[in-house]
Amino acid sequence: MLYLDHAASGPVRAEAREAMSPFLGDRFGNPSSHHTIGEDVAQALEDARRRVAGVLGMRPGDVIFTSGATEANNLAIKGIAVAALLRRGRPGHVVTTAIEHESVLSSAEYLQRVHGVAVTHVAVDGDGLLSPTALTDALRDDTVLVSVGYANNEIGTVQDAAALTAVTAPRRIPFHLDAVQAAGWLPLAGTGADALSLAGHKIGAPQGIGVLAIRGRVPLEPLLHGGGQERDRRSGTQNVAGAVGFAVALELAERERTDAAARATALRDVFVRRVCELVPEASLTGHPTRRLPGTASFTFAGVSGEAILLELERRGVVSSSGSACAAGSDEPSHVLVALGVAPEVAQTSVRFSFGHHFSGDPAPIADAVAASVAAVRSR
Ligand code: PLP
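Residues numbered from 1 in each chain as written. Predicted model: local features only at pLDDT ≥ 70, side-chain atom pairs only at ≥ 80, totals over all residues. Heavy atoms only, no water.

1. Brief notes about the overall build of the chain
Alright, step 1. Of the regular secondary structure elements, the chain holds 12 helices and 12 strands.
Alright, step 2. Taken against the 2.2 N^0.38 rule, which gives 21 Å for 379 residues, the C-alpha radius of gyration of the chain at 21 Å falls within 12% of a compact globule.
Alright, step 3. Here the chain holds 379 residues, and 56% of them are scored as buried.
Alright, step 4. Expressed as a percentage of contacts within the chain between residues at least 6 apart in sequence, the contacts between residues at least 24 apart total 75%.
Alright, step 5. As presented, the chain carries roughly 15500 Å² of accessible surface, and 52% of it is formed by carbon and sulfur atoms.
Alright, step 6. Averaging the positions of the 34 positive and the 40 negative side-chain charges in the chain gives two centres separated by 4 Å. (Helix = DSSP H or I, 4+ residues; strand = E, 2+ residues; numbered from the N terminus. Rg over C-alpha atoms; globule rule 2.2 N^0.38 Å. Buried < 20%, exposed > 50% of the residue type's maximum accessible area, 1.4 Å probe, protein only. Contact = heavy atoms within 4.5 Å. Areas by Shrake-Rupley, 256 points an atom, 1.4 Å probe, with all protein chains shown as cover. Lys, Arg positive; Asp, Glu negative; His and termini not counted. Charge placed at Lys NZ, Arg CZ, Asp CG, Glu CD.)

2. A word on the site of the ligand
Alright, step 1. Close to the ligand lie 13 residues, the nearest being Ala-69, Thr-70, Asp-178, Gln-181 and Lys-202.
Alright, step 2. In this structure, an oxygen atom belonging to the ligand sits 2.6 Å away from a side-chain N or O atom of Thr-70.
Alright, step 3. For the ligand, an oxygen atom lies 2.8 Å from a polar atom in the side chain of Gln-181.
Alright, step 4. When the ligand is considered free in solution it has 390 Å² of accessible area, and contact with the protein chains removes 86% of it. (Near = heavy atom within 4 Å. Polar contact = N/O pair within 3.5 Å; in protein donor to acceptor, adjacent residues only side chain to side chain.)

3. Here's the deal with helix α12 (residues 363-377)
Alright, step 1. Look at α12: 21 Å from first C-alpha to last across 15 residues, which is about the 21 Å you get at 1.5 Å a residue.
Alright, step 2. Burial in α12 covers these residues: Ala-363, Ile-365, Ala-366, Ala-368, Val-369, Ala-370, Ser-372, Val-373 and Val-376.
Alright, step 3. For α12, the elements touching its buried residues are β1 (2-3), α8 (240-278), β10 (295-300), α9 (305-314), β11 (317-318) and β12 (349-353). (Expected span 1.5 Å × (residues − 1).)

4. Things to note about the sheet that holds β12
Alright, step 1. Strands sit in the order β9-β10-β12 across an open sheet of 3 strands; the sheet is antiparallel. A single partner strand is all that each edge strand has here, and the edge strands are β9 (282-284) and β12. Between one strand axis and the next, the sheet turns by 30° as a mean value, whatever way the strands run.
Alright, step 2. α9 rests against β10 and β12 of the sheet, and its axis sits at about 40° to β12. (Pairing = 2+ DSSP bridges. Axes fitted to C-alpha atoms, helices over the stretch in contact; angles between N-to-C directions.)

5. What to know about the sheet that holds strand β2 (residues 63-66)
Alright, step 1. Strand order in the open sheet formed by 7 strands is β2-β8-β7-β6-β5-β3-β4, with mixed pairing between adjacent strands. What marks the edges here is a single partner per strand, and that holds for β2 and β4 (118-122). Neighbour to neighbour, the strand axes of the sheet diverge by 20° on average, direction disregarded.
Alright, step 2. Both strand β3 (residues 93-97) and β4 contribute to a ladder of 5 bridges, which runs parallel. Across the sheet, His-93 pairs through a bridge with Ala-118, a residue of β4.
Alright, step 3. The strands that helix α6 (residues 161-168) touches are β5 (143-149) and β6 (175-178); relative to β6, the one it contacts most, it runs at about 160°.
Alright, step 4. Most of the contacts of α8 go to strand β7 (residues 195-199), to which it runs at about 100°, and overall it touches β2, β7 and β8 (210-214).

6. Describing the domain arrangement of the chain
Alright, step 1. Partitioning the chain into structural domains gives domain 1 (2-6 + 257-377) and domain 2 (14-253).
Alright, step 2. Between domain 1 and domain 2, the C-alpha centre-to-centre distance is 28 Å.
Alright, step 3. Of the residues lining the interface, 30 residues belong to domain 1; the matching set on domain 2 comes to 30 residues.
Alright, step 4. Both sides together, the interface formed by domain 1 and domain 2 hides about 2300 Å², and carbon and sulfur atoms give 60% of it. (Domains from an automatic or database assignment. Buried area = accessible area lost by both parts, 1.4 Å probe.)

7. Thoughts on the side chain of Lys-78
Alright, step 1. Following the sequence through the fold, Lys-78 ends up in helix α3 (residues 69-88).
Alright, step 2. Side-chain polar atoms of Lys-78 contact the side chain of Asn-74, separated by 2.7 Å.
Alright, step 3. Every residue in contact with Lys-78, bar those within four places of it in the chain, is listed here: Ala-83, Ser-107, Tyr-110, Leu-111 and Leu-223.

8. A few points about the environment of Ile-99
Alright, step 1. Its place among the elements puts Ile-99 in the loop between β3 and α4 (102-115).
Alright, step 2. The exposure class assigned to Ile-99 is buried, which follows from its relative accessible area of 3%.
Alright, step 3. Along the backbone, Ile-99 and Val-122 are 23 residues apart, and their C-alpha atoms lie at a distance of 9.5 Å.

9. Some points on the packing of α3 against α4
Alright, step 1. Relative to each other, α3 and α4 sit at 30°, their axes nearing to 9 Å. In terms of axis orientation, α3 runs roughly parallel to α4. As for how α3 packs across α4, the hand of that crossing is right-handed. On α4, the residues touching Thr-70, Asn-73, Asn-74, Ile-77, Lys-78, Ala-81, Val-82 and Leu-85 of α3 are Ser-103, Val-104, Ser-107, Ala-108, Tyr-110, Leu-111 and His-115.
Alright, step 2. Residue composition of the contact of α3 with α4, by class: 8 nonpolar, 6 polar and 1 charged. (Parallel < 35°, antiparallel > 145°, perpendicular 65-115°, else oblique. Left-handed = near helix turned anticlockwise from the far one by under 90°. Nonpolar A, V, L, I, M, F, W, Y, C, P; charged D, E, K, R; others polar.)

10. Here we look at the packing of aromatic side chains
Alright, step 1. The final tally for this structure, using the stated rule, is 6 aromatic pairs.
Alright, step 2. Between Phe-271 and Phe-298, the aromatic rings sit 6.1 Å apart at their centres with planes inclined by 70°, giving edge-to-face as the arrangement. Here Phe-271, found in helix α8, pairs with Phe-298, found in strand β10; they are 27 residues apart in sequence, far enough to count as distant.
Alright, step 3. Residue classification places Phe-271 among the buried positions, given a relative accessible area of 0%. (Phe/Tyr/Trp six-rings, centres within 6.5 Å; stacked < 30°, edge-to-face > 60°.)

11. Here we look at the pattern of salt bridges
Alright, step 1. All told, the structure shown has 20 salt bridges when counted by the stated rule.
Alright, step 2. Measuring nitrogen to oxygen at the nearest pair gives 2.8 Å for the salt bridge that ties Arg-49 to Glu-230. One end of the pair, Arg-49, is in helix α2 (residues 36-56); the other, Glu-230, is in helix α7 (residues 229-232), with 181 residues separating them in the sequence. Judged on exposure class, the residue Arg-49 and its partner Glu-230 are both buried.
Alright, step 3. Members of the salt-bridge network, linked through shared partners, are Asp-47, Arg-50, Arg-51 and Glu-251. (Salt bridge = Lys/Arg side-chain N within 4 Å of Asp/Glu carboxyl O.)

In structure tokens, the structure reads:
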């Protein structure tokens, strides 16, 4: 089976598994315990934190280990907006876009519903790009947070993070970047973001570990209260094995990034060209060039995306209809609809996401796509 759904989840790398193994065995202590067994584990946790901070160009104290990126996004968005509310004595204004991951959109919706925070979803263009001008126009005097995805999980469009943070920085508005899909493909240091979310299972670490890295100057109200771990910003005994695996995987992903991105871009371009040649209905979604190296997503107007997925799997190729989080729902992708794609066309979408180590010939995969579309069409 050829697995082309790395944007949903990928395998844990051998190096991460090996590094984690002692913490699933003999090195079992609680990192908050004041005895040698606990202190040994605490040292490993702090080493993992330093290594993550090194890749991100941030300080170790900025790194908060979480259960994944859904939690990291919730903590960033609710934590920054609620801290601002408490400081100002009134709810502020949050800016995001309509193409964000559900964990971002739902956190903003929660702030609106429960705390009366105003939320603006800035429009992106037909390729999914957010322009710095559109962002500037959306800002208000009471804007307390901007949250934008670095690279979109469905269509792969990559935002110009530096140009966007250049809008918010002089106004001292905290900028949160959901960098989940960007990790391993794009530089994570030097974006200018004040806060950045990452998920372990997209970079070769396990599911259930993630990071919110947030600069110390940004006030953050915790979501989880308890023992005061993670400098009082995320209580709960840490997932030390996960944090160690995360640090190893992130360092390796960063080390391999440039080569992997160049290789994947070349293979993806061959794949996209061949699919478009062979399948008249195929339309690439997202930006033609400012896109993740490993992601190619299409609509196949008039042909059911779900039926194509099943046909592809029969031919040995596993892909997805877009976001794994929306899988099983009959709703058209909110991302494609926000780009102006008609709902019935949005329902024909199929996303192929290659892993860091893919090096095969993409032509037979494109042939399988063409055969699958033809099979569904002829029914
Ligand atoms: N943000 C983006 C862009 C994602 O693609 C995902 C997962 O697909 C998440 C956040 C949520 O990450 P997690 O699965 O770690 O909760």
